[in-house]
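Examination of the molecular architecture
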Amino acid sequence: MKNPWLTIIGIGESGLQYLADVSQNRLESADIIIGPPRHLRLLGLSGSKVLEWPVPFSDGLKLLDKYKGKKVVVLVSGDPFWYGAAATILRKFSFDEIEVFPGPSTFGWAAARMGWSIEDISCVGLHAKPVEHIRSLIAPKRKILALMRDGDQVKSLAHYLSKLGFGQTKIRVFESLGGNNERIREIAAEEYNLVDVKHPVCVAICVDGLGSAIPLSTGIDDKFFETDGQITKSQIRALTITALAPQYGQHLWDLGAGSGSVSIEWLMRDKSLYATAVERDPSRCAIIEQNVKNLGLDNLSLHNGSNMEVIMTLKPPHAVFVGGGLTKELMKKLWAIVPRKTRLVANSVTLETETILQDALNEYGGNLIRFDISTARAIGSKNLWQPAYPITQWSIEK
């Protein structure tokens, strides 16, 4: 049975208007009330039992720990479980210790102002992330609601959309939604000139322009990646991701990651996925970091070092891809340490590593496939097929 000592209350710019009586009672009976200065001012709260949530946010969790066991109320914005503080608090405290009273979410307010059905749009929280986080969502006619940190970040978003070729996108800027100071303005990304946008702020955008959208398919064009030439090419990458078969919440080891294209495409399949990339070359590690930033992804852990050394320190995987640095010793070590049901995929372009894959087929089983891909190229007034290096791929579920 729940016995909560901690109450989380979501409030909007309208203050307590939408709070149930039970939430008001929690405030009145609280030993300690903790919240951002804006919320405390909004509710007119002061006195010895009222504390401001400190900066950085993590210090507030220490404050909660200090008062654990007392009747504590935490004030947060809107719906605490929709890009709100509740999930972070629950990583430290048990749900049995907590009760939550959500207020109207900013997304709900913004959708009501736009006339958009929330189930048909993308809702993202950019207030603690870079604007590149929405890169994979940017496609003509797509509707997006985004929570923003401040006016400067809204400006950065407008410039980012313009840089990608979507400067025609109309940005509707919402400030203090639902409150007495609510303000709504609209401007094209390429014409953005607002200088007085105040927190709390969110934006609604319906993407427009001729920029390049990232396809929903696997094997996205190589042009989306920074590379020094060490990259699993688009067509082979599509076949590789298919063999790796990502599933909800799973973890990939990308060994000899090169430009990181395979682990990045793995992450693009679902936001629940995470990956660990291992790359020996420091300059390529920098390229991977840039690709992760450019494509707005989370959940990738990057290690600069040798495959054999790093894998002994990693959390067990659900799938493993070996794109570079394949040796007999690595193959034996992988087979020995990965859990049952792990999917292993390795690609080879050299005769030496192909021999390793043939030996793996003989010893462990699985599938061995060779891909020969040719591209039409003009020679004078004629065209001919120009073959790429053939790729040998071994795959198996342990």
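So, a few notes on the structure that sits alongside this text. What you are looking at is a predicted structure, and each value in this text was computed from that prediction instead of being measured.

Among the eight residues that make up helix α8 (residues 261-268), eight are buried, leaving the element largely enclosed by the rest of the structure. For α8, the set of buried residues is Ser261, Val262, Ser263, Ile264, Glu265, Trp266, Leu267 and Met268.

Okay, the pattern of salt bridges next. The full count for this structure, using the stated rule, is 18 salt bridges. Aspartate 222 is the salt-bridge partner of arginine 237, the closest N and O atoms lying 2.5 Å from each other. You can see arginine 237 sitting in helix α7 (residues 234-244) and its partner aspartate 222 sitting in the loop between β10 (201-206) and α7, a full 15 residues away along the chain. Across the pair lysine 341 and glutamate 397 runs a salt bridge whose closest N-O atoms are separated by 3.1 Å.

This paragraph deals with the nonpolar core. Grouped together as the largest cluster of nonpolar side chains are 26 residues, with contacts concentrated most on Ile134, Met148, Ile171, Val173, Tyr192 and Val203. When residues of this core are traced back to their parent elements, those giving at least two are β7 (143-148), α6 (151-163), β8 (170-175) and β10. At five residues, the largest contribution of residues to this core is made by α6. Other than its neighbours up to four places away in sequence, valine 173 contacts Val154, Arg183, Ile184, Arg185, Tyr192, Leu194, Val197, Val201, Cys202 and Val203. Counting 24 residues, the second-largest nonpolar core is a separate cluster that includes Ile220, Ile231, Trp266 and Leu273.

The rules behind each value
Residues numbered from 1 in each chain as written. Predicted model: local features only at pLDDT ≥ 70, side-chain atom pairs only at ≥ 80, totals over all residues. Heavy atoms only, no water. Buried < 20%, exposed > 50% of the residue type's maximum accessible area, 1.4 Å probe, protein only. Helix = DSSP H or I, 4+ residues; strand = E, 2+ residues; numbered from the N terminus. Salt bridge = Lys/Arg side-chain N within 4 Å of Asp/Glu carboxyl O. Core = buried A, V, L, I, M, F, W, Y, C linked by side-chain atoms within 4.5 Å. Contact = heavy atoms within 4.5 Å.

Keep in mind these values describe shape, not function.
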